[in-house]
Amino acid sequence: MKFCYLLNDMPVGGHSPLASIRYRATIPGELLRQQGHEVTYRKYTDPAFDIDAHDVYIMGKVFTDLALKLAVDIKRECKRLIVDICDDHFESPILGPVY
């Protein structure tokens, strides 16, 4: 399968100084590769984004209207969308409505 991690910040050479990207994208991505899957990393804002290029999309924390629109577009195209939310913001009066 072809997996695509949609990120705010891109790992460089498969590594990132941000623990959240390492734990939720680059390390799982490497494990998926070891199992024979294709894995890519893209920024939400990438103008060359092609929904048909991947089977599964994995999004982390969503803070922009563009990322939310992208999630809707991915689902509309009947692609699999995994939303990885590592923090419980559902009860937050500020972030709860976004989640």
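Relevant structure appears above.
Draft legend 1. The arrangement of helix H2 (residues 65-76) in detail. A rise of 1.5 Å per residue sets the reference length of H2, with its 12 residues, at 16 Å; its end C-alpha atoms lie 16 Å apart and thus fit the reference within 8%. Within H2 the residues assigned to the buried category are Ala67, Leu70, Ala71, Asp73 and Ile74. Summarising the axial view, the buried residues of H2 lie within an arc of 165°, below the 170-degree limit, and thus occupy one face. H2 presents Asp65 and Arg76 as exposed residues on the side facing more than 90 degrees away from its buried surface. Packing partners of the buried residues in H2 comprise strand S1 (2-7), strand S3 (56-59) and strand S4 (80-83). Looking one or two residues past H2, Cys78 carries a phi angle of roughly 60°, positive in sign.

Draft legend 2. Focus on the packing of aromatic side chains. Applying the stated criterion across every chain yields a total of 2 aromatic pairs. Plain terms: the ring middles of Tyr5 and Tyr41 are 5.5 Å apart, the flat faces sit at 25° to each other, and that makes the pair stacked. Placement of Tyr5 in strand S1 and of Tyr41 in strand S2 (residues 38-43) is noted, with a sequence separation of 36 residues between them. The pair formed by Tyr5 and Tyr41 is uniform in burial state, with each residue classed as buried. Seen from their ring centres, Phe49 and Tyr57 are 5.6 Å apart, and the 55° between their planes marks the pair as tilted. On the accessibility criterion, Tyr57 (0% relative accessible area) is buried.

Draft legend 3. Spotlight on the sheet that holds S1. Pairing is parallel across the open sheet formed by 4 strands, whose spatial order is S2-S1-S3-S4. Single-partner strands in this sheet number two, and they are S2 and S4. Each strand of the sheet is rotated relative to its neighbour by a mean of 20°, with strand direction disregarded. Here S3 pairs with S4 via 4 bridges, running parallel. Bridge pairing in S4 links Val56 to Arg80. Contacts between H2 and the sheet are confined to S1, S3 and S4, with S4 contributing the most and set at about 145° to the helix.

What counts as what
Residues numbered from 1 in each chain as written. Predicted model: local features only at pLDDT ≥ 70, side-chain atom pairs only at ≥ 80, totals over all residues. Heavy atoms only, no water. Helix = DSSP H or I, 4+ residues; strand = E, 2+ residues; numbered from the N terminus. Expected span 1.5 Å × (residues − 1). Buried < 20%, exposed > 50% of the residue type's maximum accessible area, 1.4 Å probe, protein only. Arc of directions from axis to C-beta. Contact = heavy atoms within 4.5 Å. Phe/Tyr/Trp six-rings, centres within 6.5 Å; stacked < 30°, edge-to-face > 60°. Pairing = 2+ DSSP bridges. Axes fitted to C-alpha atoms, helices over the stretch in contact; angles between N-to-C directions.

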